Amino acid sequence: MKVQIYDNNSDVSNQVTYLLEKYEERNKVTFKIDTFASHNQVFSNTDQTDIAFFYICDTSKIQNVRHYCLNNPCTKVIIIANIPDYRYAFKFHAFDFMALPINEQKFFHAIDDALFYITTSSKEKKITLQTSTVTLNIKPSQIYYFEHNSRKIIISTVQGEYFGNYTLKRLREKFCPYNFESPHKSYLVNLAHIRYIKGFDIYLNSGIVLPLAQKRAVHFKSIFQSYIDRRFDMK
(Lines give C-alpha, C1' and ligand atoms only; values in the text may rest on other atoms or scores of the structure.)
Protein backbone atom coordinates (compact mmCIF):
# COMPACT_ATOMS: atom_id res chain seq x y z
CA MET A 1 0.00 0.00 0.00
CA LYS A 2 1.63 3.27 -1.15
CA VAL A 3 1.34 6.36 1.03
CA GLN A 4 2.57 9.90 0.31
CA ILE A 5 2.99 12.64 2.89
CA TYR A 6 3.31 16.26 1.77
CA ASP A 7 4.46 18.45 4.62
CA ASN A 8 6.70 21.45 5.07
CA ASN A 9 6.41 20.97 8.84
CA SER A 10 8.55 18.07 10.04
CA ASP A 11 6.59 17.77 13.30
CA VAL A 12 3.36 16.93 11.45
CA SER A 13 5.17 14.61 9.05
CA ASN A 14 6.83 12.75 11.90
CA GLN A 15 3.52 12.38 13.72
CA VAL A 16 1.76 10.98 10.63
CA THR A 17 4.64 8.55 10.04
CA TYR A 18 4.55 7.45 13.68
CA LEU A 19 0.80 6.81 13.55
CA LEU A 20 1.10 4.91 10.26
CA GLU A 21 3.79 2.68 11.74
CA LYS A 22 1.64 2.11 14.82
CA TYR A 23 -1.29 1.22 12.56
CA GLU A 24 0.93 -1.21 10.63
CA GLU A 25 1.92 -3.03 13.81
CA ARG A 26 -1.61 -3.15 15.17
CA ASN A 27 -3.32 -4.27 11.95
CA LYS A 28 -0.56 -6.34 10.32
CA VAL A 29 -0.43 -4.26 7.13
CA THR A 30 2.52 -2.73 5.31
CA PHE A 31 2.79 0.81 3.98
CA LYS A 32 5.42 2.14 1.58
CA ILE A 33 5.76 5.70 2.89
CA ASP A 34 7.24 8.57 0.87
CA THR A 35 7.62 12.04 2.38
CA PHE A 36 7.84 15.20 0.27
CA ALA A 37 8.64 18.77 1.32
CA SER A 38 7.35 20.61 -1.76
CA HIS A 39 4.24 20.58 -3.91
CA ASN A 40 6.31 20.25 -7.07
CA GLN A 41 7.71 16.90 -5.93
CA VAL A 42 4.24 15.52 -5.25
CA PHE A 43 2.61 16.80 -8.43
CA SER A 44 5.49 15.62 -10.62
CA ASN A 45 5.31 12.12 -9.16
CA THR A 46 3.27 10.01 -11.61
CA ASP A 47 3.28 6.80 -9.56
CA GLN A 48 -0.16 5.68 -8.43
CA THR A 49 -0.59 6.41 -4.72
CA ASP A 50 -3.23 4.77 -2.55
CA ILE A 51 -3.34 7.34 0.28
CA ALA A 52 -1.92 10.89 0.28
CA PHE A 53 -1.66 13.22 3.27
CA PHE A 54 -1.44 17.00 2.73
CA TYR A 55 -0.61 19.37 5.57
CA ILE A 56 -2.03 22.82 4.78
CA CYS A 57 -1.31 25.80 7.00
CA ASP A 58 -2.79 28.53 4.78
CA THR A 59 -5.35 28.93 2.00
CA SER A 60 -2.76 29.69 -0.69
CA LYS A 61 -2.25 25.97 -1.35
CA ILE A 62 -5.93 25.09 -1.76
CA GLN A 63 -5.97 25.27 -5.57
CA ASN A 64 -2.87 23.09 -5.86
CA VAL A 65 -4.37 20.37 -3.69
CA ARG A 66 -7.73 20.67 -5.45
CA HIS A 67 -5.92 20.10 -8.75
CA TYR A 68 -4.21 17.02 -7.30
CA CYS A 69 -7.52 15.59 -6.01
CA LEU A 70 -9.29 16.02 -9.34
CA ASN A 71 -6.42 14.47 -11.28
CA ASN A 72 -5.98 11.52 -8.91
CA PRO A 73 -9.55 10.31 -8.25
CA CYS A 74 -8.38 6.86 -7.12
CA THR A 75 -6.10 8.28 -4.42
CA LYS A 76 -7.61 8.75 -0.97
CA VAL A 77 -6.48 12.28 -0.12
CA ILE A 78 -6.52 13.24 3.57
CA ILE A 79 -6.10 16.92 4.45
CA ILE A 80 -4.46 17.94 7.73
CA ALA A 81 -5.12 21.60 8.47
CA ASN A 82 -4.81 24.21 11.19
CA ILE A 83 -7.33 26.55 9.57
CA PRO A 84 -10.38 26.97 11.89
CA ASP A 85 -12.94 26.89 9.06
CA TYR A 86 -11.16 24.17 7.08
CA ARG A 87 -14.34 22.14 6.52
CA TYR A 88 -15.83 25.01 4.54
CA ALA A 89 -12.60 26.32 3.01
CA PHE A 90 -11.75 23.13 1.15
CA LYS A 91 -14.62 22.74 -1.26
CA PHE A 92 -12.86 20.14 -3.34
CA HIS A 93 -12.89 16.37 -3.57
CA ALA A 94 -10.68 15.14 -0.75
CA PHE A 95 -11.39 11.89 1.07
CA ASP A 96 -11.15 13.22 4.61
CA PHE A 97 -10.08 16.18 6.78
CA MET A 98 -8.24 16.29 10.11
CA ALA A 99 -7.69 19.30 12.32
CA LEU A 100 -4.55 19.75 14.39
CA PRO A 101 -3.69 18.34 16.85
CA ILE A 102 -4.20 14.93 15.20
CA ASN A 103 -6.45 12.63 17.17
CA GLU A 104 -5.11 9.07 17.11
CA GLN A 105 -8.54 7.41 17.14
CA LYS A 106 -9.83 9.60 14.30
CA PHE A 107 -6.61 8.96 12.37
CA PHE A 108 -7.01 5.19 12.63
CA HIS A 109 -10.68 5.47 11.69
CA ALA A 110 -9.74 7.42 8.54
CA ILE A 111 -7.19 4.76 7.56
CA ASP A 112 -9.77 2.02 8.21
CA ASP A 113 -12.19 3.79 5.86
CA ALA A 114 -9.56 4.43 3.20
CA LEU A 115 -8.46 0.79 3.11
CA PHE A 116 -12.07 -0.38 3.04
CA TYR A 117 -12.89 1.79 0.02
CA ILE A 118 -9.67 0.87 -1.79
CA THR A 119 -10.35 -2.83 -1.34
CA THR A 120 -14.02 -2.53 -2.29
CA SER A 121 -13.35 -0.32 -5.31
CA SER A 122 -10.88 -2.79 -6.79
CA LYS A 123 -13.71 -5.32 -7.12
CA GLU A 124 -16.27 -2.91 -8.56
CA LYS A 125 -17.60 -2.85 -12.07
CA LYS A 126 -18.16 0.46 -13.81
CA ILE A 127 -21.62 1.78 -14.66
CA THR A 128 -22.38 3.89 -17.72
CA LEU A 129 -24.23 7.19 -17.31
CA GLN A 130 -25.12 9.59 -20.10
CA THR A 131 -24.43 13.23 -19.26
CA SER A 132 -24.90 16.43 -21.22
CA THR A 133 -21.21 16.48 -22.19
CA VAL A 134 -19.75 12.95 -22.00
CA THR A 135 -20.58 9.29 -21.57
CA LEU A 136 -19.49 8.62 -18.00
CA ASN A 137 -18.09 5.18 -17.18
CA ILE A 138 -17.72 5.23 -13.42
CA LYS A 139 -17.66 3.00 -10.36
CA PRO A 140 -20.53 3.57 -7.90
CA SER A 141 -18.02 4.26 -5.12
CA GLN A 142 -16.77 7.27 -7.11
CA ILE A 143 -20.18 8.97 -6.97
CA TYR A 144 -20.99 11.20 -4.01
CA TYR A 145 -24.64 11.93 -4.68
CA PHE A 146 -27.31 12.79 -7.24
CA GLU A 147 -29.32 16.01 -6.95
CA HIS A 148 -32.50 16.99 -8.76
CA ASN A 149 -32.21 20.68 -9.61
CA SER A 150 -34.18 22.70 -12.18
CA ARG A 151 -35.39 19.62 -14.07
CA LYS A 152 -31.83 18.33 -14.38
CA ILE A 153 -29.86 15.80 -12.37
CA ILE A 154 -26.53 16.89 -10.96
CA ILE A 155 -24.14 13.94 -10.74
CA SER A 156 -21.50 14.76 -8.10
CA THR A 157 -18.41 12.55 -8.43
CA VAL A 158 -14.75 12.41 -7.43
CA GLN A 159 -14.01 13.69 -10.95
CA GLY A 160 -16.33 16.68 -10.75
CA GLU A 161 -19.98 17.46 -11.48
CA TYR A 162 -22.01 16.45 -14.52
CA PHE A 163 -25.60 16.99 -15.67
CA GLY A 164 -27.96 14.25 -16.83
CA ASN A 165 -31.58 13.76 -17.88
CA TYR A 166 -32.45 11.03 -15.40
CA THR A 167 -35.08 10.95 -12.68
CA LEU A 168 -34.19 10.22 -9.07
CA LYS A 169 -36.64 7.32 -9.11
CA ARG A 170 -34.80 5.70 -12.01
CA LEU A 171 -31.42 6.33 -10.40
CA ARG A 172 -32.59 4.92 -7.08
CA GLU A 173 -33.65 1.69 -8.79
CA LYS A 174 -30.27 1.51 -10.52
CA PHE A 175 -28.07 2.39 -7.53
CA CYS A 176 -29.98 0.96 -4.57
CA PRO A 177 -27.81 -2.22 -4.64
CA TYR A 178 -24.75 0.02 -4.20
CA ASN A 179 -25.95 1.58 -0.92
CA PHE A 180 -27.49 4.77 -2.27
CA GLU A 181 -30.41 6.15 -0.25
CA SER A 182 -32.64 9.22 -0.39
CA PRO A 183 -32.42 11.58 2.62
CA HIS A 184 -34.51 14.22 0.87
CA LYS A 185 -36.86 14.33 -2.11
CA SER A 186 -34.18 16.10 -4.17
CA TYR A 187 -31.18 13.91 -3.27
CA LEU A 188 -29.83 10.40 -3.56
CA VAL A 189 -26.62 9.95 -1.58
CA ASN A 190 -23.92 7.29 -1.44
CA LEU A 191 -23.86 6.07 2.18
CA ALA A 192 -20.17 5.23 1.80
CA HIS A 193 -19.31 8.93 1.57
CA ILE A 194 -21.19 10.07 4.67
CA ARG A 195 -18.85 11.14 7.46
CA TYR A 196 -21.55 11.84 10.02
CA ILE A 197 -25.07 13.19 10.49
CA LYS A 198 -25.81 16.07 12.82
CA GLY A 199 -29.40 17.17 13.26
CA PHE A 200 -30.79 17.59 9.76
CA ASP A 201 -27.42 18.00 8.04
CA ILE A 202 -25.46 15.20 6.35
CA TYR A 203 -21.69 15.80 6.28
CA LEU A 204 -19.79 14.04 3.51
CA ASN A 205 -16.09 13.17 3.56
CA SER A 206 -15.55 15.79 0.85
CA GLY A 207 -16.79 18.59 3.14
CA ILE A 208 -20.11 18.97 1.30
CA VAL A 209 -23.23 19.24 3.48
CA LEU A 210 -26.54 17.80 2.25
CA PRO A 211 -30.00 18.32 3.78
CA LEU A 212 -31.87 15.61 5.66
CA ALA A 213 -35.67 15.97 5.47
CA GLN A 214 -37.31 15.94 8.87
CA LYS A 215 -39.93 13.39 7.79
CA ARG A 216 -37.20 11.01 6.58
CA ALA A 217 -34.71 11.57 9.40
CA VAL A 218 -35.52 8.58 11.63
CA HIS A 219 -35.73 6.11 8.73
CA PHE A 220 -32.62 7.41 6.99
CA LYS A 221 -30.51 7.41 10.17
CA SER A 222 -31.59 3.82 10.81
CA ILE A 223 -30.53 2.77 7.30
CA PHE A 224 -27.19 4.55 7.69
CA GLN A 225 -26.52 2.89 11.06
CA SER A 226 -27.30 -0.52 9.57
CA TYR A 227 -24.85 0.19 6.77
CA ILE A 228 -22.14 1.14 9.29
CA ASP A 229 -22.78 -2.04 11.28
CA ARG A 230 -22.47 -4.19 8.14
CA ARG A 231 -19.21 -2.52 7.24
CA PHE A 232 -17.66 -3.26 10.61
CA ASP A 233 -18.82 -6.87 10.35
CA MET A 234 -16.95 -7.15 7.04
CA LYS A 235 -13.63 -5.96 8.48
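Residues numbered from 1 in each chain as written. Predicted model: local features only at pLDDT ≥ 70, side-chain atom pairs only at ≥ 80, totals over all residues. Heavy atoms only, no water.

Re the pattern of salt bridges
Applying the stated criterion across every chain yields a total of six salt bridges. Lys 32 serves as the salt-bridge partner of Asp 34, at 3.2 Å between the closest nitrogen and oxygen. Exposure remark for Lys 32: the relative accessible area of 46% places this residue in the partly exposed category. With a closest N to O distance of 3.4 Å, Asp 113 and Arg 195 form a salt bridge. Here Arg 195 lies in strand β13 (residues 194–198) and Asp 113 lies in helix α5 (residues 104–121), a separation of 82 residues in the sequence. Look at Arg 195 and you get partly exposed, because its relative accessible area is 22%. Among the charged side chains, a network of salt bridges with common partners joins Lys 22, Arg 26 and Glu 104. (Salt bridge = Lys/Arg side-chain N within 4 Å of Asp/Glu carboxyl O. Buried < 20%, exposed > 50% of the residue type's maximum accessible area, 1.4 Å probe, protein only. Helix = DSSP H or I, 4+ residues; strand = E, 2+ residues; numbered from the N terminus.)

What about the sheet that holds strand β14 (residues 201–204)?
What the three strands build is an open sheet, ordered β13-β14-β15; its pairing is antiparallel. Pairing within the sheet leaves two strands with one partner each, and these edge strands are β13 and β15 (209–211). Across the sheet, the mean angle from the axis of one strand to that of its neighbour is 25°, orientation sign disregarded. By the bridge criterion, four bridges tie β13 to β14 in an arrangement that is antiparallel. Note on β14: the bridge partner recorded for Ile 197 is Ile 202. (Pairing = 2+ DSSP bridges. Axes fitted to C-alpha atoms, helices over the stretch in contact; angles between N-to-C directions.)

Notes on the packing of aromatic side chains
Within the structure shown, the criterion is met by twelve aromatic pairs. When the ring of Tyr 23 is compared with that of Phe 31, the centres are 6.0 Å apart and the planes differ by 35°; the resulting orientation is tilted. With respect to burial, Tyr 23 and Phe 31 carry one shared label: buried. Seen in terms of ring centroids, Phe 146 and Phe 175 are 5.1 Å apart; in terms of plane orientation they differ by 50°. Their pairing is tilted. Placement of the pair is Phe 146 in strand β8 (residues 143–149) and Phe 175 in helix α6 (residues 168–175), with a sequence separation of 29 residues. Each of the two residues, Phe 146 as well as Phe 175, counts as buried. (Phe/Tyr/Trp six-rings, centres within 6.5 Å; stacked < 30°, edge-to-face > 60°.)

Comments concerning the sheet that holds strand β5 (residues 96–99)
Here we have five strands laid out as an open sheet, ordered β2-β1-β3-β4-β5, and parallel in their pairing. Looking along the sheet, the strands with just one partner apiece sit at the ends: β2 (32–36) and β5. Strand after strand, the sheet turns through a mean of 20° between neighbouring axes, direction not considered. Sheet topology places strand β3 (residues 51–56) next to strand β4 (residues 76–81); six bridges connect them, and they run parallel. Across the sheet, Ile 56 pairs through a bridge with Ala 81, a residue of β4. In the packing of α5 onto the sheet, the strands contacted are β3, β4 and β5, and the crossing angle to β3 comes to about 140°. (Contact = heavy atoms within 4.5 Å.)

Describing the packing of helix α1 (residues 10–27) against α5
Their axes nearest at 11 Å, the elements α1 and α5 cross at an angle of 65°. α1 and α5 meet at a crossing whose hand is right-handed. Contact with α1, carried on its side by Val 16, Leu 19, Leu 20, Lys 22, Tyr 23 and Arg 26, involves Glu 104, Phe 107, Phe 108, Ile 111, Asp 112 and Leu 115 of α5 and no other residues of that element. (Left-handed = near helix turned anticlockwise from the far one by under 90°.)

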